[in-house]
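Residue-level listing of the chains:
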Amino acid sequence: MAADKQNEAKLSLMDENKENIQEGGLGLEILQIIKESQQQHGLRHGDYQRYRGYCSRRLRRLRKTLGFKMGNRHKFVGKKVSVEILSDSRYLLLVLMEAERAWSYAMQLKQEANTEPRKKFHLLARLRKAAKHSEKLEKLCESPRVDAKTKLEAQAYTAYLTGMVHFELQEWKLAMEAFNKCKTIYEKLASAFTEELAVLYRQRVDEISPNIRYCAYNIGDQNAINDLMQMRLTGGGGGMMAEKLEALITQARTKQAATMSEVEWRGRTVPVKSDKARIFLLGLADNEAAIAQAVNEETKEHLYETLLAECRDTIQAVREDIKSEAKQRERSSDNESGKVSNLQFLHSYLTYIKLCTLVKRNESMAHTLQAKLKETGADENKSGPRPQDLIRLYDIILQSLAELSTLQGLEDDHTFQKEVSLKTLVYKAYRCFFIAQSYVLVKKWSEALVLYERVLKYAKEVQSKVKSFNNSLKDLPDVQELIAEVNAEKYSLQAAAILDTDETPEVSSQQQVKDNTPLCEHLDNFHLDKTLVGKHPNLVQFPPDFQTIPCKPLFFDLALNHVAFPPLDDKVEQKGKGGLTGYIKGIFGFGS
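Just so we're clear, the structure is a prediction, and the values are computed from it rather than from any experiment. Along each chain, numbering runs from 1 in the same order as the chain's sequence is written. For this predicted model, a pLDDT threshold of at least 70 governs which residues receive local features, and a threshold of 80 or more governs which side-chain atom pairs are given and counted, while totals over whole chains, interfaces and linings are taken from all residues. Where side-chain values are given, they derive from all heavy atoms of the structure, hydrogens and water being excluded.

A closer look at the packing of aromatic side chains
For step 1, the next point in the chain: Aromatic rings from Phe, Tyr and Trp, with only the six-membered ring used for Trp, were paired whenever their centres fell within 6.5 Å, and each pair was classed as stacked if the ring planes differed by under 30 degrees, edge-to-face if by over 60, and tilted otherwise. All told, the structure shown has 18 aromatic pairs when counted by the stated rule.
For step 2, the next point in the chain: Taken together, a centroid distance of 5.5 Å and an interplanar angle of 50 degrees make the contact between Trp 265 and Phe 345 tilted. Of this pair, Trp 265 sits in strand E3 (residues 262-265) while Phe 345 sits in helix H13 (residues 342-378), placing them 80 residues apart in sequence.
For step 3, the next point in the chain: Each residue's exposure class comes from its accessible area (1.4 Å probe, protein chains only) as a fraction of the maximum for that residue type: buried when under 20%, exposed when over 50%, partly exposed otherwise. Relative accessible area serves as the criterion here: at 10%, Trp 265 is assigned to the buried category. Working definition: helices are DSSP H or I runs of at least four residues, strands are E runs of at least two. Numbering for both runs from the N terminus.

A closer look at the pairing of E3
Two faces belong to every sheet, and in a regular strand the side chains alternate between them.
For step 1, the next point in the chain: Side chains Val 263 and Trp 265 of E3 all project onto a buried face; the interleaved residues Glu 262 and Glu 264 project onto a face where none is buried.
For step 2, the next point in the chain: In this scheme, strands are said to pair when DSSP sees at least two bridges between them. Alignment of E3 against strand E4 (residues 268-271), held across four bridges, turns out to be antiparallel. For Glu 264, the partnering residue across the bridge sits in E4 and is Thr 269.
For step 3, the next point in the chain: The hairpin formed by E3 and E4 contains two residues between the paired strands, and Arg 266 there has a positive phi angle of roughly 55 degrees.

Section: the side chain of Ser 104
For step 1, the next point in the chain: Locating Ser 104 in the fold gives a position in helix H4 (residues 89-112).
For step 2, the next point in the chain: If near-sequence neighbours (up to four positions away) are discounted, Ser 104 is found in contact with Tyr 48, Tyr 51 and Arg 52. In this analysis, two residues are considered to be in contact whenever any of their non-hydrogen atoms come within 4.5 Å of each other.

What about the packing of helix H2 (residues 30-40) against H4?
The relative placement of two packed helices is expressed as an angle between their axes plus a distance between the axes.
For step 1, the next point in the chain: Where H2 contacts H4, the two axes come as close as 12 Å, and the packing angle between them is 45 degrees. Between H2 and H4, the angle is such that the two are oblique. Seen along the crossing, H2 lies across H4 with a hand that is right-handed. On the side of H2, the interface is formed by Ile 30, Ile 33, Ile 34 and Gln 38, while H4 contributes Leu 93, Leu 96, Glu 100 and Trp 103.
For step 2, the next point in the chain: Residue type decides the class: Asp, Glu, Lys and Arg count as charged, Ala, Val, Leu, Ile, Met, Phe, Trp, Tyr, Cys and Pro as nonpolar, and the leftover types, Gly among them, as polar. A per-class count over the contact of H2 with H4 returns six nonpolar, one polar and one charged. The angle between two axes is taken between their N-to-C directions and runs from 0 to 180 degrees, where each axis is a line fitted to C-alpha atoms and a helix contributes only its stretch in contact. An angle below 35 degrees is read as roughly parallel, one above 145 as roughly antiparallel, one from 65 to 115 as roughly perpendicular, and any other as oblique. Rotating anticlockwise by less than a right angle from the far helix to the near helix defines a left-handed crossing, while the corresponding clockwise rotation defines a right-handed one.

Digging into the pattern of salt bridges
For step 1, the next point in the chain: For this analysis, a salt bridge means a side-chain nitrogen from Lys or Arg found within 4 Å of a carboxyl oxygen belonging to Asp or Glu. With the rule as written, the count across this model stands at 15 salt bridges.
For step 2, the next point in the chain: Note that Arg 266 is salt-bridged to Glu 419, the shortest N-O span being 3.9 Å. Note that Arg 266 is positioned in the loop between E3 and E4 and Glu 419 in helix H15 (residues 414-441), a separation of 153 residues in sequence.
For step 3, the next point in the chain: By relative accessible area, which is 33% here, Arg 266 ends up partly exposed.

Digging into the confidence of the model for the protein chain
For step 1, the next point in the chain: When pLDDT is averaged across the protein chain, the result is 80; 79% of the residues are at 70 or more.
For step 2, the next point in the chain: Confidence scores here are pLDDT values: one per residue, from the predictor, ranging 0 to 100. Of the regions scoring below 50 in pLDDT, residues 16-23 engages in 21 contacts with residues more than four places distant in sequence or in other chains.
For step 3, the next point in the chain: In the predicted structure, residues 507-511 sits below a pLDDT of 50 and forms six contacts with residues beyond four places in sequence or in another chain.

Considering the environment of Lys 188
For step 1, the next point in the chain: With respect to the element layout, Lys 188 can be found in helix H7 (residues 172-192).
For step 2, the next point in the chain: Along the sequence, Lys 188 and Tyr 201 sit 13 residues apart, while their C-alpha atoms lie 9.1 Å from each other.

A closer look at the environment of Ala 106
For step 1, the next point in the chain: You can see Ala 106 is positioned in helix H4.
For step 2, the next point in the chain: Of the residues examined, Ala 106 reaches a relative accessible area of 0% and is grouped as buried.
For step 3, the next point in the chain: Here the alpha-carbon distance between Ala 106 and Ala 125, two residues 19 residues apart in the chain, equals 8.0 Å.
For step 4, the next point in the chain: For Ala 106, the contacting residues outside a window of four places in its chain are Leu 123, Arg 126 and Leu 127.

What to know about helix H8 (residues 195-219)
In an α-helix, one turn spans 3.6 residues; hence positions three or four apart end up facing the same way.
For step 1, the next point in the chain: Any helix carries an expected span of 1.5 Å times its number of residues minus one. Over its 25 residues, H8 extends 35 Å from the first C-alpha to the last, a length consistent with the 36 Å expected when each residue adds 1.5 Å.
For step 2, the next point in the chain: Given a residue, its bend is the angle between the two axes fitted to the seven residues that end at it and to the seven that start from it. At Ile 208, H8 is bent by approximately 25 degrees, the largest bend along its length, and proline Pro 210 sits one to four residues beyond.
For step 3, the next point in the chain: At the C-terminal side of H8, Gly 220 shows a positive phi close to 140 degrees.

Brief notes about unusual backbone geometry
For step 1, the next point in the chain: With omega at 0 degrees, the peptide bond leading from Phe 542 into Pro 543 counts as cis.
For step 2, the next point in the chain: Along the polypeptide, Pro 543 turns up in the loop between helix H17 (479-502) and helix H18 (569-577).
For step 3, the next point in the chain: In this structure, Gln 170 is a non-glycine residue whose phi angle is positive, near 60 degrees.
For step 4, the next point in the chain: Considering the arrangement of structural elements, one finds Gln 170 in the loop between helix H6 (148-168) and H7.
For step 5, the next point in the chain: On the basis of relative accessibility, which here comes to 48%, the residue Gln 170 falls in the partly exposed class.
For step 6, the next point in the chain: The residue Lys 443 is not glycine, and still its phi comes out positive at about 65 degrees.
For step 7, the next point in the chain: Of note, Lys 443 is situated in the loop between H15 and helix H16 (445-466).

Structural notes on the packing of H7 against H8
For step 1, the next point in the chain: Look at H7 against H8: their axes get within 9 Å of each other, and the N-to-C directions meet at 155 degrees. As summarised for this structure, H7 and H8 are arranged roughly antiparallel, according to the angle between their axes. As H7 packs across H8, the resulting crossing turns out to be left-handed.
For step 2, the next point in the chain: Residue classes in the contact of H7 with H8 are distributed as 17 nonpolar, four polar and five charged.

Comments concerning H16
For step 1, the next point in the chain: Helix length check: H16, at 22 residues, gives a terminal C-alpha distance of 32 Å against a target of 32 Å (1.5 Å per residue), a fit within 8%.
For step 2, the next point in the chain: Along H16, the residues classified as buried are Trp 445, Ala 448, Leu 451, Tyr 452, Val 455, Leu 456, Tyr 458, Ala 459 and Val 462. For H16, the buried positions fall inside an angular range of 165 degrees around the axis, keeping them on one side. Turned more than 90 degrees away from the buried face of H16, the exposed residues are Val 450, Lys 457 and Lys 460. Taken from the helix axis, the directions to the C-beta atoms give the arc we talk about.

Rendered as structure tokens:
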């Protein structure tokens with residue numbers, strides 16, 4: 001926490017260098033300061049509460065530095081920044097931070113309003129407060145002490161916040177006028193200043209454009225919906241605008257859903273009564289077209305996730321209808337055994353769409369990883385994906401295909417089962433191919449060669465079976481390319497295996513002599529002994545052999561038997577004559 005505050009203090013000093021007095025008067029890089037502060041203090045992760053806390057701390061530091069305190073701890077004395085005291089650009093920054101604090105609080109409340117609708121009123125109050133502070137900033141910038149660039153940026157900032165207020169109030173015409181004013185100012189600024197600042201201005205213009213088109217659509221411009229759909233494909237309009245755009249698309253599909261009553265699949269016509277299912281099926285073609293036209297992999301992945309989420313929600317709604325239908329059948333005792341109901345068949349159709357979308361998404365990810373794998377293969381120093389990552393993707397594809405073959409109502413559809421089995425063979429071949437490549441990386445040549453042969457077996461089996469299908473499997477990968485790639489890999493594998501065996505150095509017969517001499521006895525001479533790197537290396541001999549060493553001499557006392565000791569009888573008798581009297585004298589010390 002202390003480190004964060006130190007960093008904030010350093011950043012504030014850096015920002016204050018931008019708030020310098022230029023030749024034309026006071027200057028403030030409004031958009032640059034805002035963007036840098038937002039990116040460094042929470043908005044990169046959508047954390048508006050953290051950014052609001054930063055704005056509050058920044059305001060406190062500015063008031064303390066400028067001596068512009070609101071009274072003391074006991075009494076509040078309100079002060080306003082006026083043109084008369086405008087001697088430092090930090091006074092402008094003070095008003096700007098107040099507007100940013102109110103705006104960040106409004107955005108935080110907007111996130112919370114998804115679960116607590118009452119917070120929308122507080123949200124509007126904070127947005128109005130932010131717009132009020134921005135208008136105050138614009139009036140201060142009208143002073144002749146402020147340079148022209150800062151005046152234009154203040155006008156654009158005020159127009160942006162005013163447009164946000166009208167946008168939330170759904171006053172589309174007023175919001176569109178404010179956003180257009182903001183866009184015009186930033187476009188002029190982008191053409192007049194350096195490229196570094198121009199990039200910031202163009203980014204702001206790109207952020208505003210979806211809001212303008214959305215307002216135009218709500219006013220009555222039907223052509224704006226096409227522009228919004230195109231922006232959805234290019235990944236534009238993030239955050240709040242993305243939610244509005246999804247709601248708009250759902251609303252347009254809801255109007256068309258009234259005309260849809262049934263769907264045909266696998267030769268059977270099924271009535272569609274659920275509104276959610278109608279909306280999803282109407283938008284399915286548009287979603288698939290959007291995925292096909294996606295400009296980059298990130299946008300394509302986002303569209304796949306959106307389609308899968310909608311599909312799961314629709315399946316859940318149909319599942320609830322099936323449960324209620326089963327309860328009605330139990331009450332009416334109408335049991336049609338052996339026949340799949342319309343709702344169950346619709347459920348199978350939606351599950352089929354979900355599983356096919358999963359297969360396409362994982363296949364798209366596999367193609368992207370495969371391209372990166374080839375790039376990293378050419379550059380050995382570059383780290384990237386491994387064949388194991390592709391194996392995991394193809395495992396998921398095969399799991400989805402296994403679920404397809406068990407769909408209710410399609411057990412007797414032999415054509416469908418054959419199509420699924422053929423697709424399974426194709427993806428098994430690709431999975432086997434990348435397993436072989438993973439074995440090549442660890443130099444397991446024989447295992448890799450066997451797996452390549454298995455790939456060729458699967459591919460030839462696919463080629464023999466695909467002739468019976470008349471253009472019904474256009475989306476399948478071409479196995480002919482896989483066969484050509486496998487043949488090339490086989491030749492390179494055989495060459496690598498031969499080179500790997502030839503790389504082992506030739507060892508002279510003298511060095512290859514094998515004996516049982518331990519290593520410690522021939523340290524000065526090199527002998528190639530493979531047992532030294534095995535589990536039981538011959539390092540020393542254990543237990544060691546016995547060695548002859550000189551013994552410590554033993555001394556025997558032979559003269560003891562011939563020694564005559566002096567007699568001690570007189571001393572023994574004298575001690576014995578004392579008796580009890582001598583014992584008592586000895587105790588009291590009389591005899592000593």
